[in-house]
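# Residue-level structural notes
Letter by letter, the chains look like this.
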Amino acid sequence: MAFANLGLHSQVVKAVAAAGYTSPTPVQAQAIPAALACGDLLVSSHTGSGKTAAFMLPCLHRLAESAAGNSPRVLVLTPTRELALQVAKTAETYGRFLKHLRTVCIVGGAPFFRQQQLLKQGADVIVATPGRLLDHLERGRIDLSRIETLVLDEADRMLDMGFIDDIELIVARIPSARQTLLFS
């Protein structure tokens, strides 16, 4: 099977090919069609199996299919700064041929003011750690009212690390009519 056979937008498939990938991994082959069908997913797979692409490619497909706005439509929560940076880089790599796609990474340990500036410029995809995202939410720096897809990456680890209260506060500020993807 090829990525082109999964029903992904041609510009997303082009970016995947440019990154050197030709065939989806087993988790991608199963998760991508299910995510494209707009269902909620709970996916568990080992490290290195391609989970990030399994959730990011359908998100980018959806962004490519409809007009951009000033508010984020995809929110990815991760437990650590390192993982957030990796996911943001993945979004940029696979979204490189999408016009006007903006990804902003919101994590602790990075300059708050710079993140605030990036948020003012608008974003389609927000990749964040819960604590820093809440800081921006509480200051009114981010509008999550247009979120269409919520991804909890390493969901089990976030819960183990005690992020449940933060996640609940964030989920309360996004539309209930959304797709939720839990990956671990």
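Up top is the structure these notes are about.
We now turn to the structure provided with this report.

Calculation criteria
- What you see as residue numbers is a count from 1 along each chain, following the sequence as written.
- Where local features are concerned, this predicted model is filtered to residues with pLDDT of at least 70; where side-chain atom pairs are given and counted, the filter is 80 or more; whole-chain, interface and lining totals use all residues.
- Calculation of side-chain values draws on the structure's entire complement of heavy atoms; hydrogens and water are dropped beforehand.
- Paired strands are those between which DSSP finds at least two bridges.
- Numbering of helices and strands runs from the N terminus, with a helix taken as a DSSP run of H or I at least four residues long and a strand as a DSSP run of E at least two residues long.
- Helix axes are fitted only over the stretch in contact, all axes being lines through C-alpha atoms; the angle between N-to-C directions runs from 0 to 180 degrees.
- Two residues qualify as a contact provided that any one of their heavy atoms is within 4.5 Å of a heavy atom in the partner residue.

Note: strands within a sheet are paired through backbone hydrogen bonds, in either parallel or antiparallel orientation. Read from one edge of the open sheet, 6 strands run 1-6-5-2-4-3, paired in parallel fashion. The sheet is open, and its two borders are formed by strand 1 (41-43) and strand 3 (103-106), each paired with just one other strand. Here the average twist between neighbouring strands, direction ignored, is 15°. Where strand 2 (residues 74-77) and strand 4 (residues 125-128) come together, 4 bridges link them in parallel fashion. Pairing of Val74 across the sheet is with Val125, part of strand 4. Helix 3 (residues 51-65) contacts strand 2, strand 4, strand 5 (149-153) and strand 6 (179-183) of the sheet and is inclined by roughly 165° relative to strand 5. Its contacts with the sheet put helix 5 (residues 112-120) on strand 3 and strand 4, and the angle it makes with strand 3 is roughly 150°.

Let us look at the side chain of Ser45. Position of Ser45 relative to the elements: it lies in the loop between strand 1 and helix 3. Contact partners of Ser45, with chain neighbours within four places excluded, come to Val27, Lys51 and Ser184.

These values are about where atoms sit, not about what they do.
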